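Descriptive structure summary
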Amino acid sequence: MSNRLKVTPNDLSAFWMGFTPNRQFKKAPRMVVSAKDMHYTSSDGRQILDGSAGLWCVNAGHCRPKIVEAIQTQAANLDFAPTFQFGHPLAFELANRLVDIAPAGLEHVMYTNSGSESVDTALKTAIAYHRAKGNGSRFRLIGRERGYHGVNFGGVSVGGIVGNRKMFGTLLTGVDHLSHTHNLAKNAFTKGEPEHGAELADELERIVALHDASTIAAVIVEPVAGSTGVLVPPKGYLKRLREICTKHGILLIFDEVITGYGRLGTPFAADYFGVTPDIMVTAKGLTNGVIPMGAVFVTKEIHDAFMNGPEHVIEFFHGYTYSGNPIASAAALGTLDTYREEGLLTRASELAPYWEEAVHSLKGEPNVIDIRNIGLIGAIELAPIAGEPGKRGFNCIVRGFEHGAMLRITGDIIALSPPLIITKGQIDELVDHVRDTIRAVA
Ligand SMILES: Cc1ncc(COP(=O)(O)O)c(C=O)c1O
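Right, let's walk through the structure included here. (Residues numbered from 1 in each chain as written. Predicted model: local features only at pLDDT ≥ 70, side-chain atom pairs only at ≥ 80, totals over all residues. Heavy atoms only, no water.)

This part is about the site of the ligand. All residues adjacent to the ligand are Ser114, Gly115, Ser116, Tyr148, His149, Gly150, Glu222, Ser227, Asp255, Val257, Ile258 and Lys284. One of the backbone nitrogen or oxygen atoms of Gly115 is found 2.8 Å away from an oxygen atom of the ligand. Between the ligand and the protein, one listed contact pairs a nitrogen atom with a side-chain N or O atom of Asp255 at 2.7 Å. Among the residues forming the shell around the ligand, the class breakdown is three nonpolar, six polar and three charged. (Near = heavy atom within 4 Å. Polar contact = N/O pair within 3.5 Å; in protein donor to acceptor, adjacent residues only side chain to side chain. Nonpolar A, V, L, I, M, F, W, Y, C, P; charged D, E, K, R; others polar.)

Below, the structure written as structure tokens:
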């Protein structure tokens with residue numbers, strides 16, 4: 001590694017970092033300078049095991065050759081091309097490839113640059129769809145407590161994490177929320193899907209009784225809630241939600257920003273749970289996190305509802321300058337090739353039993369009040385330090401990095417989601433890191 005890469009800049013003040021305690025970070029930065037496969041290299045030259053696939057996005061591991069090559073080649077050939085009124089082949093090729101791996105029925109794709117944009121695209125599409133069908137009174141959006149749908153106004157409005165909401169005024173109007181499904185009293189230390197809580201989907205009936213179905217456009221949920229600290233849906237919950245949505249003509253949106261592209265051992269969580277939404281929101285793993293890009297999948301029915309009127313008129317007034325950007329499209333195609341060649345969209349299903357046992361071996365460690373898992377996701381919930389919620393979790397980040405693991409924390413919950421290339425040996429290593437960390441912060 002060149003000396004230049006090893007240097008930590010001595011003025012960190014200009015970059016106002018997101019979702020980070022800036023003052024603490026800048027006093028003791030946790031800096032990485034390169035990455036390969038399962039590891040980062042820190043600025044002081046240490047190997048750091050990636051326990052969270054970056055931010056749940058580097059599903060194929062770091063700096064994978066097919067993706068690197070695709071980006072390099074594309075940057076030298078066609079750097080940018082508009083996809084408003086013009087096109088380039090890769091964006092179309094990618095959409096076809098995506099539809100090929102998507103659950104049956106999701107036949108069209110719109111591109112964005114992030115999960116947050118994908119969410120807002122989905123919400124707008126849902127409202128506009130109803131209007132296109134002559135049901136303009138369906139404007140309400142239903143989210144869920146503890147949901148995370150990114151940081152734009154639409155996503156924050158349907159999201160249910162108080163810290164992300166309370167600073168930002170009125171948010172969108174016409175939004176209501178289902179209860180979250182987290183129930184430590186009944187479901188603690190469940191392996192896989194919890195037994196209790198499917199009936200919480202029936203709350204949608206209560207919301208329909210309050211507002212009337214004729215005012216509700218869509219329900220949006222993460223199939224497995226991630227950023228709130230990994231909430232696995234109770235058995236039967238998502239099926240019930242689907243049935244109630246269908247009964248009332250309400251669109252069901254799955255936010256698969258973290259569950260998409262193999263995280264559960266199926267291409268999408270929709271496949272895992274056998275529940276197909278009307279709109280499916282993705283990003284992150286689409287390009288292995290390498291280039292910002294998201295994709296929103298919709299049914300033929302939704303797409304076709306817009307395809308009317310004079311042919312020279314734009315059908316849907318929505319899109320981003322970088323939608324289907326050529327380099328992002330190339331990165332996504334390189335990513336899909338890597339997933340296919342290495343079987344990564346289903347690899348988590350082979351590892352899941354081993355992963356489950358490994359993660360649950362942490363039961364009994366100090367302050368561990370719950371352990372949850374599904375696919376290649378795990379969460380270890382720690383009791384907070386009295387009067388200082390989040391402090392124990394934060395200590396885990398710092399301690400983990402010092403000792404060679406990047407751990408993702410929400411409050412006092414450690415959320416594990418390693419790259420899907422992880423070996424069994426590395427699973428043991430990761431769980432050992434977590435065990436040492438939990439003991440150290442006790
Ligand atoms: C379920 C879900 N939706 C949306 C987002 C937002 O994605 P982005 O940070 O790319 O805007 C995230 C990010 O973690 C997410 O987990």
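That covers the picture; the talk isn't over yet.
It is worth spelling out the packing of helix H10 (residues 203-211) against helix H11 (residues 237-248) at this point. Running from amino to carboxyl end, H10 crosses H11 at an angle of 25°, the nearest separation of the two axes being 9 Å. By the criterion of interaxial angle, the relationship of H10 to H11 is roughly parallel. Across the interface between the two elements, Leu204, Glu205 and Val208 of H10 pack against Leu241, Ile244, Cys245, Lys247 and His248 of H11. When its residues are assigned to classes, the contact of H10 with H11 shows five nonpolar, one polar and two charged. (Axes fitted to C-alpha atoms, helices over the stretch in contact; angles between N-to-C directions. Helix = DSSP H or I, 4+ residues; strand = E, 2+ residues; numbered from the N terminus. Parallel < 35°, antiparallel > 145°, perpendicular 65-115°, else oblique. Contact = heavy atoms within 4.5 Å.)

Our focus in this paragraph is the pairing of strand S12 (residues 377-382). Burial of S12 is extensive: six of the six residues sit out of reach of the surface. Going residue by residue along S12, you find Ile377, Ala379 and Glu381 tucked away on one face and Gly378, Ile380 and Leu382 tucked away on the opposite face as well. Pairing analysis gives six bridges linking strand S11 (residues 368-374) to S12, with the strands arranged antiparallel. When the bridges of S12 are listed, Asp370 appears paired with Glu381. Joining the antiparallel neighbours S11 and S12 is a turn of two residues, in which Gly375 adopts a positive phi near 50°. Note that S12 and strand S15 (residues 413-416) share four bridges and pair antiparallel. Within S15, the position partnered with Glu381 by the bridge is Ile413. (Buried < 20%, exposed > 50% of the residue type's maximum accessible area, 1.4 Å probe, protein only. Pairing = 2+ DSSP bridges.)

So, about the state of the cysteines. One pass over the full model with this rule turns up zero disulfides. Take Cys57: it sits in no disulfide, and the sulfur closest to it among the cysteines is that of Cys63, at 12 Å. (Disulfide = S-S within 2.5 Å.)

Sheet strands associate in pairs through backbone hydrogen bonding, adopting either a parallel or an antiparallel arrangement. Taken in spatial order, the seven strands of this open sheet run S4-S10-S9-S8-S7-S5-S6, and their pairing is mixed. Single-partner strands in this sheet number two, and they are strand S4 (106-112) and strand S6 (175-178). The sheet shows a mean angle of 20° between the axes of neighbouring strands, direction not considered. With six bridges joining them, S4 and strand S10 (residues 294-299) adopt antiparallel strand pairing. For Tyr111, the partnering residue across the bridge sits in S10 and is Ala295. Against the sheet, helix H5 (residues 89-101) makes contact with S4 and S10, and its axis sits at roughly 135° relative to S4, the strand it touches most. Of the strands in this sheet, S4, strand S5 (140-144), strand S7 (216-221), strand S8 (251-255), strand S9 (279-282) and S10 are in contact with helix H6 (residues 115-132), which crosses S9 at around 165°.

So, about a nonpolar patch on the surface. On the surface, a nonpolar cluster with roughly 370 Å² of combined accessible area is contributed by Phe153, Met167 and Phe168. Mapped onto the elements, Met167 comes out in the loop between helix H8 (162-165) and S6. Given a relative accessible area of 62%, Met167 falls into the exposed group. (Patch = residues over 30% accessible without salt bridge, like charges linked within 9 Å, V, L, I, M, F, W, Y side chains within 5 Å. Areas by Shrake-Rupley, 256 points an atom, 1.4 Å probe, with all protein chains shown as cover. Salt bridge = Lys/Arg side-chain N within 4 Å of Asp/Glu carboxyl O.)

Our focus in this paragraph is helix H14 (residues 326-342). A turn of α-helix holds 3.6 residues, and therefore any two residues three or four places apart point the same way. Along its 17 residues, H14 runs 24 Å from first to last C-alpha, staying within 8% of the 24 Å computed at 1.5 Å per residue. The buried fraction of H14 amounts to 14 of the 17 residues, a majority that puts the element mostly inside the structure. At the N-terminal end of H14, a side-chain oxygen is found 2.8 Å from the backbone nitrogen of Ile327, two or three residues along, and the residue is Asn325. A positive backbone phi angle near 60° is found at Gly343, which sits one or two residues after H14. (Expected span 1.5 Å × (residues − 1).)

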